[in-house]
2 protein chains.
Amino acid sequence: MNIPDSSNPRVVIIGGGFGGLSIAKQLKNRNFQVVLLDKHNYHNFQPLMYQVATGGLEAGTIAYPIRKVVQEHKETFFRMANVEKVDTFGKKVISDIGTIYYDYLVIATGSTNNYFGNKDIEKNSMVMKTIPEALDIRSLILENFELALQTNDEKVRRSLMNFVIVGAGPTGVELAGALAEMKKAVLPKDYPDLDLSMMEINLVQGTNRVLDAMSEKSSKAAAKYLKNLGVSIHLDVRVTNYDGNVVTTAGDLEFHSQAVIWSAGVKGAAVDGVNDAVDRASRIRVNDFNQVEGFEDVFAIGDVAAMYGEKFKFGHPMMAQPAIQQGELLAENLERLSKKQSLKKFVYNDKGSMATIGRNKAVVDLPKLHFNGVFAWFVWMFIHLISLIGFKNRMLVFWSWVYNYFVFDRESRIIVRPYRKKKGIEHGN
Amino acid sequence: MNIPDSSNPRVVIIGGGFGGLSIAKQLKNRNFQVVLLDKHNYHNFQPLMYQVATGGLEAGTIAYPIRKVVQEHKETFFRMANVEKVDTFGKKVISDIGTIYYDYLVIATGSTNNYFGNKDIEKNSMVMKTIPEALDIRSLILENFELALQTNDEKVRRSLMNFVIVGAGPTGVELAGALAEMKKAVLPKDYPDLDLSMMEINLVQGTNRVLDAMSEKSSKAAAKYLKNLGVSIHLDVRVTNYDGNVVTTAGDLEFHSQAVIWSAGVKGAAVDGVNDAVDRASRIRVNDFNQVEGFEDVFAIGDVAAMYGEKFKFGHPMMAQPAIQQGELLAENLERLSKKQSLKKFVYNDKGSMATIGRNKAVVDLPKLHFNGVFAWFVWMFIHLISLIGFKNRMLVFWSWVYNYFVFDRESRIIVRPYRKKKGIEHGN
């Protein structure tokens, strides 16, 4: 890989998500050469992905070119690369664009979908971790309605309009809410010749409440909002398989569906090469300084890092905040390390969590306060707007929201790249 | 195909471009049942496609859901379908979603790329007729720069950064201008470790001037603007082949390039089934009422229609205006036809044409006035903004332009779906 030589020690960061960008920014004026690697040339703002999937936002408004983030960093070099493995013995990263040596390695590879080993579900269901995946879901939703119009088989039609979302964490809840709003305000106008009462939104959760990482109060409020919007919630139901037609569960319940979205689990996206430190959730065990177990010069931050502690038995929640905070501290610690100073322990500052269900409906958990409703919804929007990178994206998202709010519409309902082959769906005539 | 019965005669329109939407809108309250077919579920605003390709605009801001356009038309039914052929004997359209009978057929299938039979060029060069194609060009441009960073072979690097645009009509000129602006304002900041003086933009034209359908004054002004921006213009040069590495021409000139964009020609996208009326440019010959030669009940409008006349020997220019005007008149004529009244002849109202080269640089030809410069550029922007469908798209495009203007940036430079396999490009290390 072509990276200029430097008199400064080189930090290689794998991943341009919240964690990777956070440390890259903090390393700017700290006498390191920084090499930032990512599969994509952009950072994406995961929390708003579901709005891309449901046509409320354009993909580009939640993506931001990584090169632009590090444009003014003289000693930072971005390369688009797929990392194959790390060689901690030779202190190098092996990727599809060549080998790169490091002095310090920061693994910030985030998380990936967890199908718990079920290949059928992996093959047949949709997920929403990347922008192309969100666009695929958007295409699938719209293609399903086009197909529903064409078939004469009522069973097939119902199956095309039966959305099953597995997993009622923030992603599942927000997606279910957005689909329910489409059903109410957008789809009847678009498909006047389709009986939209046939459309079902089933939200399936393995535990006994939605948003089970949030407060009981927020869970209850979210469930109530969802029910009012027409979402069917199935609690304590464990999905066992999906063959492309039928979702089966551990009980009697089953769903005939051509649109299953899997948001039931994530796991760490650990890289090959630090395998001894990888735990059962594919996260990399780190100490309080984010040092990977057994190493002095290899670090992991964010979703992929498992910092076991008293409060967080299996590591911090896999969200933006721990990643950002770990990235910030690690930049400082790398400087300390290079100066042979003692390192600072990471302490997570929990700023709370929130989820939105629909217009005027959100739930917010602050450390000492839980609230929901219109005000929560405004708080949710405000926090997400200011968290977006880039003035232009903020502006475009803001205007899209204002428009969608007043016009009750989701105009990005365009199928740019069709997703599904029209497999096995009978044609009408 | 499932279309409800109606007591009104049925008009089937193939194509939701400028022509198809124009007639569909005009037929709203005229006692017809309208069935509108398109391969895509959106209308796209072709004139701004080059800004999507160069990262200035989001794809969705120039696309608009067709269902939304016809939402309030009670007797209009949109279906997403690929038409295989028309059977004028049986008065039916055969598509991948079934057969549909018509009383009147309107072919508004537009145009497609014309490679003049050269399979190598078709296989190896990029085109920009659809949104996915524009996004592919965007990906290719950005992937080329990422690859250029990685190679140690200067010849390969130059070839990756050598953009060859074949055809200096509005599309070619606007794309060349946008690339030149990226070279000046965006790329040096994104790729500080790349020598951007190696980047070339070659605009190749078979005739003796750029924009040869416009006035000589506009041609000259455009050529001057392009040269000032650093575009190399090659006039009277006919490209003979492109094998994926080298562009060869009828003369000695050749270009080593990994990025060839073909905008040298379009032809009609005639449907199968009216073959006797198809001319050498694959357009369908129509009379002054847009009736296809030999038929009373089959019509063609827009790019695909060739209405030979004194002023337009081989039909009208393949642009939005003739399509829109023909669509409007044909709606009226269909009503007249159904009432057995005489039909009105089409007379093209030439409103002029324009092209933009870069910030503050555009050329405008009105019927009796040619002007260029800053004012022309504002006229160009204003006309394009008001021509976009939908308030939201207008708003988002407007704000994107304001932002791009003041910040000298093109932030949509994200590779959503990578285009090129890293074929044959050496890795650096």
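Residues numbered from 1 in each chain as written. Chains lettered and ligands numbered in written order. Predicted model: local features only at pLDDT ≥ 70, side-chain atom pairs only at ≥ 80, totals over all residues. Heavy atoms only, no water.

Labelled according to an unreviewed UniProt entry, chain A appears under the name NADH:ubiquinone reductase (non-electrogenic), originating from Paenimyroides tangerinum. Annotation of chain A in UniProt includes, under Sequence similarities (unreviewed entry), the sentence "Belongs to the NADH dehydrogenase family." Looking at chain A in UniProt, the text filed under Catalytic activity (unreviewed entry) is "a quinone + NADH + H(+) = a quinol + NAD(+)". (UniProt positions renumbered as here; feature names shortened; annotations may be inferred.)

Caption draft 1: How the structure looks around unusual backbone geometry. With phi around 65°, Asn31 of chain A is a residue other than glycine that occupies positive phi space. By secondary structure assignment, the location of Asn31 of chain A is in the loop between α1 (18–26) and β2 (33–38). (Helix = DSSP H or I, 4+ residues; strand = E, 2+ residues; numbered from the N terminus.)

Caption draft 2: Expanded view of a nonpolar patch on the surface. Residues and elements named next belong to chain A. A surface patch of nonpolar side chains, about 290 Å² in accessible area, is lined by Phe382, Ile383 and Ile386. Tracing the backbone shows Ile383 in helix α10 (residues 374–387). Taking the relative accessible area as the measure of exposure, Ile383 reaches 33% and is therefore partly exposed. (Patch = residues over 30% accessible without salt bridge, like charges linked within 9 Å, V, L, I, M, F, W, Y side chains within 5 Å. Areas by Shrake-Rupley, 256 points an atom, 1.4 Å probe, with all protein chains shown as cover. Salt bridge = Lys/Arg side-chain N within 4 Å of Asp/Glu carboxyl O. Buried < 20%, exposed > 50% of the residue type's maximum accessible area, 1.4 Å probe, protein only.)

Caption draft 3: Structural view of the sheet that holds strand β6 (residues 83–87) of chain B. Residue and element names in this part refer to chain B. Strand order in the open sheet formed by three strands is β6-β7-β8, with antiparallel pairing between adjacent strands. Only two strands of the sheet have a single partner each, and these edge strands are β6 and β8 (98–101). With strand direction ignored, the average angle separating the axes of adjacent strands in the sheet is 20°. Where β6 lies against strand β7 (residues 92–95), four bridges are found, and the strand directions are antiparallel. (Pairing = 2+ DSSP bridges. Axes fitted to C-alpha atoms, helices over the stretch in contact; angles between N-to-C directions.)

Caption draft 4: How the structure looks around the relation of the copies chain B and chain A. The two copies are related by a screw operation: chain B maps onto chain A through 180° of rotation and 0.0 Å of translation along the axis, at an RMSD of 0.0 Å. Such a turn and shift between the copies fits a two-fold axis. No C-alpha of chain B lies nearer the rotation axis than that of Leu396 of chain B, which sits 3.2 Å from it. (Least-squares fit on C-alpha atoms with pLDDT ≥ 70 in both.)

Caption draft 5: Quick peek at the interface of chain B and chain A. Contact with chain B, which involves 59 residues of that partner, is made by 59 residues of chain A. The junction of chain B with chain A conceals about 5,500 Å² of combined surface from both sides, 51% of it contributed by carbon and sulfur atoms. The largest contributions to the chain B side of the interface with chain A come from Arg67, Lys392 and Arg417 of chain B, which together make up 13% of the buried area. Taken together, chain B and chain A are joined by 10 salt bridges. The partner of Asp136 of chain A in a salt bridge is Arg417 of chain B, and the shortest N-O contact between them spans 3.3 Å. The interface formed by chain B and chain A includes 29 residue pairs in polar contact (both at pLDDT 80 or more). Contributing elements (two or more residues each) for the side of chain B that touches chain A: β4 (63–65), α3 (66–69), β5 (76–80), α5 (131–150), α7 (170–190) and α11 (391–407) of chain B. Tallying contributions element by element places α11 of chain B first for the side of chain B that touches chain A, with nine residues. Classifying every residue of the side of chain B that touches chain A by side-chain character gives 26 nonpolar, 16 polar and 17 charged. (Contact = heavy atoms within 4.5 Å. Buried area = accessible area lost by both parts, 1.4 Å probe. Polar contact = N/O pair within 3.5 Å; in protein donor to acceptor, adjacent residues only side chain to side chain. Nonpolar A, V, L, I, M, F, W, Y, C, P; charged D, E, K, R; others polar.)

Caption draft 6: Here's a closer look at the sheet that holds strand β7 (residues 92–95) of chain A. Residue and element names in this part refer to chain A. Taken in spatial order, the three strands line up as β6-β7-β8 in an open sheet, and their pairing is antiparallel. Edge positions in the sheet fall to β6 (83–87) and β8 (98–101), since each of these pairs with one other strand and no more. Adjacent strand axes in the sheet meet at a mean angle of 20°, parallel and antiparallel pairs treated alike. Direction of pairing for β7 relative to β8: antiparallel, over a ladder of four bridges. Opposite Ile94, over in β8, you have Thr99 as the bridge partner.

Caption draft 7: Inspection of the side chain of Asp96 of chain B at higher detail. When you line up the elements, Asp96 of chain B lands in the loop between β7 and β8. Exposure remark for Asp96 of chain B: the relative accessible area of 19% places this residue in the buried category.

Caption draft 8: Structural view of the nonpolar core. Ranked by internal contacts, the top residues of the largest apolar core, which has 74 residues, are Leu48, Ile131, Phe145, Leu203, Val210 and Val363 of chain B. If we skip the residues at most four places from it in the chain, Leu48 of chain B touches Leu57, Ile62, Trp380, His384, Leu388, Val397 and Trp401 of chain B. Core analysis: the second largest hydrophobic core is formed by 73 residues, Ala176, Tyr191, Ala376 and Trp380 of chain A among them. (Core = buried A, V, L, I, M, F, W, Y, C linked by side-chain atoms within 4.5 Å.)

Caption draft 9: A look at the confidence of the model for chain A. Looking at chain A, the pLDDT average stands at 94 and 98% of residues meet or exceed 70. Predicted confidence for residues 422–429 of chain A stays below pLDDT 50, and this span has 21 contacts to residues more than four positions away or in other chains. (pLDDT = per-residue confidence, 0-100.)

Caption draft 10: Structural context of the pattern of salt bridges. Within the structure shown, the criterion is met by 34 salt bridges over all chains. Between Lys68 of chain A and Glu411 of chain B there is a salt bridge, with the nearest N and O atoms lying 3.5 Å from each other. Placement of Lys68 of chain A in helix α3 (residues 66–69) and of Glu411 of chain B in the segment after α11 is noted, with the two residues assigned to different chains. The exposure class of Glu411 of chain B is buried, given its relative accessible area of 4%. With its nearest N and O atoms 2.8 Å apart, the salt bridge here joins Arg79 of chain B to Asp193 of chain A. Here Arg79 of chain B, found in strand β5, pairs with Asp193 of chain A, found in the loop between α7 (170–190) and β12 (200–204), and the two come from separate chains. One network of salt bridges, with partners in common, ties together Lys68 of chain A together with Asp190, Asp409, Glu411 and Arg413 of chain B.

Caption draft 11: Expanded view of helix α1 (residues 18–26) of chain B. Where α1 of chain B is concerned, the buried positions are Gly19, Gly20, Leu21, Ser22, Ile23 and Ala24 of chain B. In the core, the buried residues of α1 of chain B are packed alongside β1 (10–14), β2 (33–38), β3 (42–44), α3, β9 (104–107) and α9 (320–338) of chain B.

Caption draft 12: Quick look at the packing of aromatic side chains. Residue and element names in this part refer to chain B. For the structure shown, the criterion picks out 29 aromatic pairs over all chains. An angle of 80° between the planes, with centres 6.1 Å apart, marks the rings of Tyr308 and Phe314 as edge-to-face. Sitting above the plane of the Tyr405 ring, Arg359 keeps its charged end 4.1 Å from the centroid. In this structure, Arg359 is placed above the aromatic ring of Phe408, and the distance from its NZ or CZ to the ring centre is 3.7 Å. (Phe/Tyr/Trp six-rings, centres within 6.5 Å; stacked < 30°, edge-to-face > 60°. Lys NZ or Arg CZ within 6 Å of the ring centre and 35° of its normal.)

Caption draft 13: Main features of the side chain of Arg79 of chain A. Judged by relative accessible area, Arg79 of chain A falls into the buried class, the value being 1%. Beyond its immediate stretch of four places on either side in the chain, Arg79 of chain A contacts Met1, Asn2, Ile3, Leu36, Leu37, Asp38, Arg67 and Ile97 of chain A together with Leu149 and Asp193 of chain B.

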